[in-house]
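Per-entry structural report
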Amino acid sequence: MIYLQLIWSYLKIGLFGFGGGYAMLSLIEKEIVGPGWISEQMFTDIVAISQMTPGPIGINSATYIGYVAPGETDPAFAGPVWGILGSLLCTLVVILPSFLLVAKLSRFITRHHESDVIKGIFAGLRPVVVGLIASAALLLMNGDNFGTQSPDIIKSVIICAAAFCAVMFTKIHPILVIILAGVAGWILY
């Protein structure tokens, strides 16, 4: 049944998704797109929607994927009741491991935060998180996001570079950059 598969996948994502939503993206993609529950195009749309809505990207994507995946895999589960059930299950399962780990380990880490072992663990996790975030960036640099025709790729790279420069080198608010990029996409495409 799709719900048990979703629970198992999001349990793995919740357990091994260190570094936040962007670091989770490659794991989410392998667990959700890999079995064919949703398409690569739908995955990139989910990432975009999760970026624009309040809340962590991992939880937002779990809620959305939990809603659409049952109906995408079996037409018998296409109704809103089945989607809401999938949303609730995926959202709860993705946060459960983190909640339990933080509840159990927070006292231990607070007590031993000066320990060389704890410092070593966190020093080892930092580069992994950076690598996972870089992996997510490369994962999203695909034809669904940048187009497959040369003029589309050029337009997309220009919008991407302009947004990057605006955020990195000016004091323009990121929300304004998102709105301006949407207007530029509407005009150019």
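First things first, this report covers the structure right here in the doc. Every residue gets a number counted from 1 within its own chain, in the order that chain's sequence is written. Under the rules for a predicted model, residues below a pLDDT of 70 receive no local features and side-chain atom pairs below 80 are neither given nor counted, while totals for whole chains, interfaces and linings still include all residues. Side-chain numbers here rest on the full set of heavy atoms in the structure, without hydrogens or water.

1. A look at the overall build of the protein
From N to C terminus, the protein includes nine helices and zero strands. Each helix corresponds to a stretch of at least 4 residues labelled H or I by DSSP, and each strand to a stretch of at least 2 residues labelled E; elements are numbered beginning at the N terminus. The helix and strand sequence of the protein, counted from the amino end, reads α-α-α-α-α-α-α-α-α. Reported as C-alpha extents along the three principal axes, the dimensions of the protein are approximately 55 × 50 × 25 Å. Each residue is placed in one exposure class: buried if its accessible area under a 1.4 Å probe, protein chains only, is under 20% of its type's maximum, exposed if it is over 50%, and partly exposed if it falls in between. When each of the 189 residues of the protein is scored for burial, the buried share is 30%. Here, residues are in contact when the closest pair of their heavy atoms is within 4.5 Å. Summarising the internal contacts of the protein: among those between residues at least 6 apart in sequence, 59% fall at separations of at least 24. Surface summary for the protein: the accessible area is close to 11700 Å², and the carbon and sulfur share equals 74%. Computed by Shrake-Rupley with a 1.4 Å probe, the accessible areas treat only the displayed protein chains as cover when residues are assessed.

2. Some remarks on the pattern of salt bridges
The salt bridge criterion pairs a side-chain nitrogen of Lys or Arg with a carboxyl oxygen of Asp or Glu, the two atoms within 4 Å. What the rule picks out here adds up to two salt bridges. In this structure, Lys12 engages Glu31 in a salt bridge whose closest nitrogen and oxygen atoms are separated by 3.2 Å. You can see Lys12 sitting in helix H1 (residues 2-16) and its partner Glu31 sitting in helix H2 (residues 21-32), a full 19 residues away along the chain. On the accessibility criterion, Glu31 (14% relative accessible area) is buried. A salt bridge links Glu114 to Lys119; its shortest N-O distance comes to 3.3 Å. Judged by its relative accessible area of 53%, Glu114 is exposed.

3. Notes on a nonpolar patch on the surface
A cluster of nonpolar side chains, namely Ile172, Ile175, Leu176, Ile179, Leu180, Val183, Trp186, Ile187, Leu188 and Tyr189, defines an oily patch on the protein surface of about 1000 Å² accessible area. Relative to the elements of secondary structure, Ile179 occurs in helix H9 (residues 174-188). For patch building, the residue pool is restricted to those with more than 30% relative accessible area and no salt bridge; the joining distance is 9 Å between like charges and 5 Å between nonpolar side chains (Val, Leu, Ile, Met, Phe, Trp, Tyr).

4. Regarding the nonpolar core
As a rule of thumb, nonpolar side chains are buried together in soluble globular proteins. The term nonpolar core refers to a set of buried residues drawn from Ala, Val, Leu, Ile, Met, Phe, Trp, Tyr and Cys, joined through side-chain atoms within 4.5 Å. By size, the foremost hydrophobic cluster in this structure holds 28 residues, and its most contacted members are Leu6, Tyr10, Ile38 and Ile65. Breaking this core down by element, the ones donating at least two residues are H1, H2, helix H3 (40-52), helix H4 (57-73), helix H5 (80-111) and helix H6 (116-140). Residue contacts for Leu6: discarding those within four places in its chain leaves Ile32, Trp37, Ile65, Ala69, Pro70 and Cys90.

5. Brief notes about H2
Counting buried positions along H2 gives nine out of twelve residues, so the element sits mostly inside the fold. Of the residues making up H2, those classed as buried are Gly21, Ala23, Met24, Leu25, Ser26, Ile28, Glu29, Glu31 and Ile32.

6. Considering the packing of aromatic side chains
Between two aromatic rings, the relevant description is the distance of the centres plus the angle of the planes. Stacked, tilted and edge-to-face are the three classes applied to pairs of Phe, Tyr and Trp rings, where Trp contributes its six-membered ring and a pair requires centres within 6.5 Å; stacked means planes under 30 degrees apart, edge-to-face means over 60, and tilted covers the rest. Taken as a whole and judged by the stated rule, the model has four aromatic pairs. Plain terms: the ring middles of Phe164 and Phe169 are 6.4 Å apart, the flat faces sit at 85 degrees to each other, and that makes the pair edge-to-face. You can call Phe169 exposed: its relative accessible area is 63%. Taken together, the ring pairs connect Tyr3, Phe77 and Trp82 into an aromatic cluster.

7. What about the packing of helix H8 (residues 150-169) against H9?
Their axes nearest at 10 Å, the elements H8 and H9 cross at an angle of 160 degrees. If you check the angle between H8 and H9, you find them roughly antiparallel. The interaxial crossing formed by H8 with H9 has right-handed handedness. On H9, the residues touching Lys155, Ile159, Ala163, Ala166 and Val167 of H8 are Val177, Ala181, Ala184, Gly185 and Leu188. Convention adopted: a line fitted to C-alpha atoms gives each axis, helices being fitted over their contacting stretch, and angles between N-to-C directions are expressed from 0 to 180 degrees. Any angle from 65 to 115 degrees is called roughly perpendicular, while one under 35 is roughly parallel, one over 145 is roughly antiparallel, and all others are oblique. Handedness of a helix crossing follows the sense of rotation of the near helix relative to the far helix, less than a right angle counterclockwise being left-handed and clockwise being right-handed.

8. What to know about H1
Turn by turn, an α-helix covers 3.6 residues, leaving residues three or four places apart pointing in a common direction. One less than the number of residues in a helix, times 1.5 Å, gives the span that helix is expected to have. In this model, H1 (15 residues) spans 21 Å end to end at C-alpha, consistent with the 21 Å of a helix rising 1.5 Å per residue. Among the residues of H1, those classed as buried are Ile2, Tyr3, Leu6, Ser9, Tyr10, Ile13 and Gly14. In a view along the axis of H1, the buried residues occupy a sector of 135 degrees, so they form one face of it. For H1, the exposed residues lying more than 90 degrees away from the buried face are Leu4, Trp8 and Phe16. Of all possible arcs, the one meant is that of the directions from the helix axis to the C-beta atoms.

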